[in-house]
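Below are the chains, spelled out letter by letter.
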Amino acid sequence: MNRSLTIFTLALLTVLPVKGEDLPKFSITLTVDSAIASQPQQVYLYSQVEREMQLHDSISIDSVHRQGTLHGTVPYEYNVNLMFSRRGPAIVPVVVKNGDQMKIHVGDEDEGFSIRYIDKIEGSPSTLEYVRYYQQMDSISDLNRKVYRQMQRYGITEQEADSLGKIRNKLEMAKERLSLHYANTGKSPYGVLGAAARVYGSHRLNPSMHGYTEKEVDQMMHSVLKRFRDYPPIQAFVNDSVLGRNYMSAESFSINAMLWKRYSRRFFDETEDSIVRPLKVGDYMNVLHLNDYRGQYLYVDFWASWCEPCLQQMPNIKMAAQMFPEDLVVVLVSMDKESKQWWKTVKELDLRSHSKDEHPYEIQNLRAFNDNTGKMVPEVKRLDIRTIPHNYLVDRTGRIIAKNISGSLLIDRMKELLKKEGKQ
């Protein structure tokens, strides 16, 4: 689900009844920096319980009004989310209980992130504890992804792959131990239950893989029950079947519930009619004047900074550009709606042309969205790309000779093609 469709859904929602209407409301006073407020927009406050959305409140911000207060009620300490309709992070998770009076600052550096853990916050120790836990988890996950990308490098030896695999296993185990530690020591029942659910679920599904002993899991369960015996969802964590629908199962506390399943179609504007007709070679070649590269082999890859399978292939795609600098041009077309995170990823992975190096090569970086209108350019929209990574290889005459090949297969294919031409 993309952001525009999510906002439309939120706008249609009526506030669902909350058990205990006379409970005191929580308040969140939000301040944003100038760049995020440069375009008038709505900021929505919502929660999601057992896949049902509840819209609590919304405010309008612009270049003059960069502060506002949102209110809502929750049945117990629970997670609510802020969502910016135009600029800023798509999701800002906050942990609240009724009566909390919080202050949050979202800076311009938060522009372009899909999900943002805010640590510039006052009035909610539970949020800070929750944020620090997930920041540690994300840090380990990010390192794990980088190691995995190294494992995907073209020409890696079996010994190197085994060594990197052991590092990944250690990182996965570090995440599991971090969850167990937080479940045993955390003070926020909402955050603790999320960590405990992870430990319990991992052990139950595959006890030998995650390294928890039966005794450790049992001790954790008793610890959680003892510390938070009055927290209603704790009962659901023990036995979902004895509770009514007003309670929440442990599965609901997964961070994945906030991601809205917005992957393969998240970059579409579904309010517009799509162009339905057979595609021709010229449709691909017209993408941002790619026709200019006739006479060379051309590899066009559609990707996004939030697409992990895309990022895993980037080292091999870059290697292909380096190995065949005179014969291959690589064009990376980003499906990121926001430019900041896209360009940050390009710089981090060094996905740029190097014309002045001893061994120059060419990588062109383009975006599928118009910065002024925020809409996908017609040449890309016409391709109706439904999943990424999506790529194709074009020969010297402009003929598409391969689609959706990985970076390693690209290298092998280029070797075959140049061998036939007598260049290798």
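Worth saying up front: this structure is predicted, and the values here are computed from it rather than measured.

Definitions and cut-offs
Residues numbered from 1 in each chain as written. Predicted model: local features only at pLDDT ≥ 70, side-chain atom pairs only at ≥ 80, totals over all residues. Heavy atoms only, no water. Pairing = 2+ DSSP bridges. Helix = DSSP H or I, 4+ residues; strand = E, 2+ residues; numbered from the N terminus. Axes fitted to C-alpha atoms, helices over the stretch in contact; angles between N-to-C directions. Contact = heavy atoms within 4.5 Å. pLDDT = per-residue confidence, 0-100. Core = buried A, V, L, I, M, F, W, Y, C linked by side-chain atoms within 4.5 Å. Buried < 20%, exposed > 50% of the residue type's maximum accessible area, 1.4 Å probe, protein only. Parallel < 35°, antiparallel > 145°, perpendicular 65-115°, else oblique.

If you trace the five strands from one edge of the open sheet to the other, you get 11-10-9-12-13, paired in mixed fashion. What marks the edges here is a single partner per strand, and that holds for strand 11 (363-367) and strand 13 (400-403). Adjacent strand axes in the sheet meet at a mean angle of 20° when their direction is disregarded. Pairing geometry for strand 12 (residues 390-394) and strand 13, over three bridges, is antiparallel. Residue pairing across strands places Leu 393 opposite Ala 402, the latter belonging to strand 13. Lying on the sheet, helix 9 (residues 308-323) is in contact with strand 9 (297-303), strand 10 (328-334) and strand 11; it crosses strand 9 at an angle near 160°. Across the sheet, helix 10 (residues 339-348) is in contact with strand 9, strand 10 and strand 11; its angle to strand 11 comes to roughly 165°.

The next point concerns the confidence of the model for the protein. The share of residues in the protein with pLDDT of 70 or more is 76%, and the mean pLDDT across the chain is 79. Mean pLDDT per element in the protein: helix 1 (residues 3-12) is the minimum at 51, and strand 4 (residues 67-72) is the maximum at 95. Low pLDDT, under 50, characterises residues 11-20; the stretch is placed with 12 contacts to residues that sit more than four places away or in other chains. Contacts of residues 240-278 to residues separated by more than four positions or lying in other chains number 85 contacts, the stretch itself having pLDDT below 50.

For the rest of this paragraph, the subject is the nonpolar core. Grouped together as the largest cluster of nonpolar side chains are 55 residues, with contacts concentrated most on Ile 28, Leu 30, Phe 84, Val 94 and Ile 104. Ranked by the residues each element gives to this core, the list is headed by helix 2 (residues 125-151), at eight residues. Counting residues in hydrophobic clusters, the runner-up holds 48 residues, among them Val 330, Leu 383, Ala 402 and Leu 417.

Quick look at the packing of helix 2 against helix 3 (residues 158-185) now. It is the contact of helix 2 with helix 3, at a shortest axis distance of 9 Å, that shows an interaxial angle of 170°. In this view, helix 2 runs roughly antiparallel relative to helix 3, as classed from their interaxial angle.

Whenever strands of a sheet pair, they do so through backbone hydrogen bonds, lying parallel or antiparallel. Strand order in the open sheet formed by four strands is 4-1-7-8, and the pairing between neighbours is mixed. For this open sheet the edge positions go to strand 4 and strand 8 (121-122), each flanked by a neighbour on one side alone. Relative to strand 4, strand 1 (residues 26-32) is paired through six bridges, and the arrangement is antiparallel. Residue pairing in the sheet places Thr 29 in a bridge with Thr 69 of strand 4.

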